[in-house]
Amino acid sequence: VPETLAAVGRTHRLVLITKGDLVHQYRKVRTSGIEHHFEHIQVVLEKDVDTYRHVLGEWGIDPTRFLMVGNSVKSDILPILEIGGQGVHVPYHVTWAHEIVLDHDGVFAELASIRELPAWLAS
């Protein structure tokens, strides 16, 4: 992940939107050593259309120029598609039952590994 963030960060603005307990999530980001890659970091209670609209609006990011890369189709990808953005799903071997979406109309890319992201962006 750090290598991918460094590579993508050379050509794109990076922001992090994560869900969960504020203190716990910020601690995870700080201890992971990836905090410096991000222009903005936001911990939210829910990842939904309204939250994404609000956060992107605060940061001055046009949703149509936003690409979300995440491991949850339900929370990371579909809400972003709904507001006009794009998504890249990178599945994780463990997914919470409430995050699983088997039937959807969203069109997005799926990569086997985050390492594939720089080449995908370049193509």
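Just so it is clear, the structure is predicted and the values come from calculations on it, not from any experiment.

Glancing now at the pattern of salt bridges. Going through the model one piece at a time under the given rule, you end up with 3 salt bridges. The salt bridge involving Glu39 is made with Arg13; its shortest N-O contact spans 2.9 Å. Separated by 26 residues along the polypeptide, Glu39 in the loop between helix H2 (22-32) and strand S2 (40-44) and Arg13 in the loop between helix H1 (2-9) and strand S1 (15-19) bring together distant segments of the chain. Assessed through its relative accessible area of 43%, Glu39 is described here as partly exposed. Residue Lys47 pairs with Asp76 through a salt bridge whose shortest N-O separation is 2.5 Å. Of this pair, Lys47 sits in the loop between S2 and helix H3 (49-59) while Asp76 sits in helix H4 (residues 73-82), and the two are 29 residues apart along the sequence. By relative accessible area, which is 12% here, Lys47 ends up buried.

Quick notes on the rules
- Residues numbered from 1 in each chain as written.
- Predicted model: local features only at pLDDT ≥ 70, side-chain atom pairs only at ≥ 80, totals over all residues.
- Heavy atoms only, no water.
- Salt bridge = Lys/Arg side-chain N within 4 Å of Asp/Glu carboxyl O.
- Helix = DSSP H or I, 4+ residues; strand = E, 2+ residues; numbered from the N terminus.
- Buried < 20%, exposed > 50% of the residue type's maximum accessible area, 1.4 Å probe, protein only.

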